[in-house]
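Analysis of the macromolecular model
Read off the chains here:
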Amino acid sequence: MILFLLPLIAAGMTGFYMFRLWFLAFTGQPRDPHVYEHAHESPWVMTLPLIVLAVFSLGVAWGWPLWEVDKSYLADLLYKGEPAAVDAGFRNEIHETHMHHETAGALALAAAALGVTVAVFMYWKPKIDPHAIRGQLNGIYTFLLNKWYFDEAYDAGIVKPAVKLAFAAAAADKRPTDAPPPAGEPELPPRRFDWFTLDGWLNAIGQLTGAAGASLRAVQTGRLRNYVLFLALTVAAVLGILSVLQG
């Protein structure tokens, strides 16, 4: 029932705010005469795509007869794109939707019409004062105006704890490798690696890798005679190992 009621409410809200937008933009007196005097039609490169979008938004789900949405090209395309698991797992639900399809469509149109009617009496033929409603429902208005305080909740529940955890981890992970010496005692050089921190392990791996690379770099002399000598010694070592294993 929730999955039915939420789209129904959304249909009513969509009808309301779309016509509210239209009434505020194209009816009544201009709120800024200077802007109104300089307003002009968009160039064809913007108008033509808008006309195409308007046509498709109005008739993209039309079939024949027009009130049969399932007969449209869009419905056929979506039906062919459904995985086989949809029909296998939700066969009864699909059958129920077809039985109540016209009822659901009529309710959606009624909800949208109700939203349009409220917008008409608020912004075109003023019978309802939105400011008075805002004053009576100030808490709900503020709640919705602040987007359900979602950003604040996300910041308080996710962002700030993550940042505090990161600072706590950094404080424990990036501490000095050695405490300062007591007064009067000579200062000793810090340990090369602090094995009790993550940075210590990572630095140890990085520096050991660098040391191994520096050692191997000394072997690359660029002299052919050295490479031949190493190859000969390798062959001799392999032959020696094989002779030992065979003996």
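See the structure printed just above.
Residues numbered from 1 in each chain as written. Predicted model: local features only at pLDDT ≥ 70, side-chain atom pairs only at ≥ 80, totals over all residues. Heavy atoms only, no water.

Observations concerning the overall build of the chain
The secondary structure content of the chain amounts to twelve helices and zero strands. For the chain, the N- to C-terminal ordering of α and β elements is α-α-α-α-α-α-α-α-α-α-α-α. Looking at the 247 residues of the chain, the share that counts as buried comes to 8%. In the chain, once contacts between residues fewer than 6 apart in sequence are set aside, the share between residues at least 24 apart is 43%. Accessible area of the chain: about 21100 Å², with a carbon and sulfur share of 71%. (Helix = DSSP H or I, 4+ residues; strand = E, 2+ residues; numbered from the N terminus. Buried < 20%, exposed > 50% of the residue type's maximum accessible area, 1.4 Å probe, protein only. Contact = heavy atoms within 4.5 Å. Areas by Shrake-Rupley, 256 points an atom, 1.4 Å probe, with all protein chains shown as cover.)

Side note on the packing of aromatic side chains
Tallied over the full model, the rule gives eight aromatic pairs. Pairing Phe19 with Phe23 gives two aromatic rings, centres 6.1 Å apart and planes at 55°, and the pair type is tilted. Residue Phe19 and its partner Phe23 are both found in helix 1 (residues 2-26); the two are separated by four residues, about one turn of the helix. Phe19 sits in the partly exposed class, given a relative accessible area of 37%. Assessed through its relative accessible area of 4%, Phe23 is described here as buried. Ring plane angle 20° and centroid distance 6.3 Å describe the contact between Phe150 and Tyr154, whose orientation is recorded as stacked. Of the two residues, Phe150 and Tyr154 both sit in helix 10 (residues 150-173), four residues apart, roughly one turn of that helix. We classify Phe150 as exposed; its relative accessible area is 56%. Tyr154 gets classed as partly exposed once you look at its relative accessible area, which sits at 43%. Connected via pairs of aromatic rings, a cluster forms that spans Phe19, Trp22, Phe23, Phe26 and Trp124. (Phe/Tyr/Trp six-rings, centres within 6.5 Å; stacked < 30°, edge-to-face > 60°.)

Some words on the pattern of salt bridges
As enumerated under the stated definition, the model contains three salt bridges in all. We note a salt bridge from Asp76 to Lys80, for which the minimum N-O separation is 3.3 Å. One end of the pair is Asp76 and the other is Lys80, both in helix 4 (residues 73-80) and four residues apart, which spans about a single turn. Residue Lys160 pairs with Asp155 through a salt bridge whose shortest N-O separation is 3.8 Å. (Salt bridge = Lys/Arg side-chain N within 4 Å of Asp/Glu carboxyl O.)

Structural notes on the side chain of Ser72
With respect to the element layout, Ser72 can be found in the loop between helix 3 (44-59) and helix 4. Side-chain polar atoms of Ser72 contact the backbone nitrogen of Ala75, separated by 3.2 Å. Here Ser72 is in contact with Ala61, Trp62 and Gly63, once residues within four sequence places are set aside. (Polar contact = N/O pair within 3.5 Å; in protein donor to acceptor, adjacent residues only side chain to side chain.)

Some remarks on unusual backbone geometry
A negative phi angle is the norm for most residues apart from glycine, just as the trans form is the norm for most peptide bonds. Not every positive phi belongs to a glycine, and Lys147 is a case in point at roughly 55°. Relative to the helices and strands, Lys147 resides in the loop between helix 9 (138-145) and helix 10. Of note in the backbone geometry, Tyr149 takes a positive phi value of approximately 55° without being a glycine. Relative to the assigned elements, Tyr149 resides in the loop between helix 9 and helix 10.

What about the packing of helix 1 against helix 7 (residues 101-124)?
Viewed as axis vectors pointing N to C, helix 1 and helix 7 meet at an angle of 35°, and their least axial separation amounts to 7 Å. In this structure, the crossing between helix 1 and helix 7 has a hand that is right-handed. Here the residues of the contact of helix 1 with helix 7 sort into 19 nonpolar, three polar and one charged. (Axes fitted to C-alpha atoms, helices over the stretch in contact; angles between N-to-C directions. Left-handed = near helix turned anticlockwise from the far one by under 90°. Nonpolar A, V, L, I, M, F, W, Y, C, P; charged D, E, K, R; others polar.)

Quick look at helix 7
For helix 7, with 24 residues, the first-to-last C-alpha span of 33 Å sits near the 34 Å given by 1.5 Å per residue. Regarding helix 7, the residues found buried are Ala111, Gly115, Ala119, Val120 and Met122. As for helix 7, its buried residues are in contact with helix 1 and helix 8 (130-136). (Expected span 1.5 Å × (residues − 1).)

Nothing here speaks to function; it is geometry throughout.
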